[in-house]
Amino acid sequence: MNTFQIEYFAVLREHAGCAAEEYASRAATPAELYAELEERFAIPAIGTVRVAINDEFSDWDAALADGDRVVFIPPVAGG
């Protein structure tokens, strides 16, 4: 089991009820991690959400390691 530092922005933060958390998971990729969070918080499907690992944009199938900082960034809506 790995522990990740997860940050949420915009609508994802609203669904999660927090801006950041430490989260333990067996997820091996951001896609697997996001799928767990979709179920846990009823957050929107991946769609156009971007992911960053340790401050660098990443692919959804990149390997995660214990202690990684994972940030999920939904598209920006503005007015």
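Refer to the structure above for everything that follows.
Residues numbered from 1 in each chain as written. Predicted model: local features only at pLDDT ≥ 70, side-chain atom pairs only at ≥ 80, totals over all residues. Heavy atoms only, no water.

Caption draft 1: Spotlight on the overall build of the chain. Regarding its fold elements, the chain presents 2 helices and 5 strands. Along the chain, from the amino end to the carboxyl end, the secondary structure elements read β-α-β-α-β-β-β. Along the longest, intermediate and shortest principal axes, the C-alpha atoms of the chain span 40 × 20 × 20 Å. Burial status across the chain gives 34% buried among its 79 residues. Partitioning the contacts of the chain with sequence separation of at least 6, the portion at a separation of at least 24 is 46%. On the chain, roughly 4,600 Å² of surface is accessible, and the fraction owed to carbon and sulfur atoms is 51%. The average position of the 5 basic charges and that of the 14 acidic charges among the side chains of the chain differ by 4 Å. (Helix = DSSP H or I, 4+ residues; strand = E, 2+ residues; numbered from the N terminus. Buried < 20%, exposed > 50% of the residue type's maximum accessible area, 1.4 Å probe, protein only. Contact = heavy atoms within 4.5 Å. Areas by Shrake-Rupley, 256 points an atom, 1.4 Å probe, with all protein chains shown as cover. Lys, Arg positive; Asp, Glu negative; His and termini not counted. Charge placed at Lys NZ, Arg CZ, Asp CG, Glu CD.)

Caption draft 2: Structural view of the pattern of salt bridges. What the rule picks out here adds up to 3 salt bridges. With a shortest N-O distance of 2.7 Å, Arg69 and Glu7 are connected by a salt bridge. Taken together, the positions of Arg69 in strand β5 (residues 69–73) and Glu7 in strand β1 (residues 2–8) put the pair 62 residues apart, joining distant regions of the chain. Between Arg40 and Glu21 there is a salt bridge; the shortest N-O distance is 3.0 Å. Here the residue Arg40 occupies a position in helix α2 (residues 30–41), and Glu21 occupies one in strand β2 (residues 20–25), the gap between them amounting to 19 residues. Note on Arg40: relative accessible area 41%, which makes it partly exposed. (Salt bridge = Lys/Arg side-chain N within 4 Å of Asp/Glu carboxyl O.)

Caption draft 3: Quick look at the environment of Cys18. With respect to the helices and strands, the residue Cys18 is situated in the loop between α1 (10–16) and β2. Residues Cys18 and Glu7, 11 residues apart in the sequence, show an inter-C-alpha distance of 8.4 Å. Not counting residues up to four positions away in its chain, the partners in contact with Cys18 are Tyr8 and Arg13.

Caption draft 4: Looking closely at the packing of aromatic side chains. Scanning all chains against the criterion turns up 4 aromatic pairs. Ring centres 6.0 Å apart and planes at 90° place the aromatic pair Tyr8 and Phe41 in the edge-to-face group. With Tyr8 in strand β1 and Phe41 in helix α2, this pair connects stretches of sequence that are 33 residues apart. Given the relative accessible area of 1%, Tyr8 is considered buried. (Phe/Tyr/Trp six-rings, centres within 6.5 Å; stacked < 30°, edge-to-face > 60°.)

Caption draft 5: Quick peek at the sheet that holds β2. Pairing in this open sheet of 5 strands is mixed, and the strands run β2-β1-β5-β3-β4 from one edge to the other. Here the strands that pair on one side only, and so sit at the sheet edges, are β2 and β4 (56–58). Averaged over all pairs of adjacent strands, the angle between strand axes in this sheet comes to 35°, irrespective of strand direction. The sheet contact formed by β1 and β5 spans 4 bridges and is parallel. (Pairing = 2+ DSSP bridges. Axes fitted to C-alpha atoms, helices over the stretch in contact; angles between N-to-C directions.)

Caption draft 6: Representation of the pairing of β5 in the model. As judged from the 4 bridges shared by strand β3 (residues 50–53) and β5, these two strands associate in the antiparallel manner. Residue pairing across strands places Ile53 opposite Val70, the latter belonging to β5.

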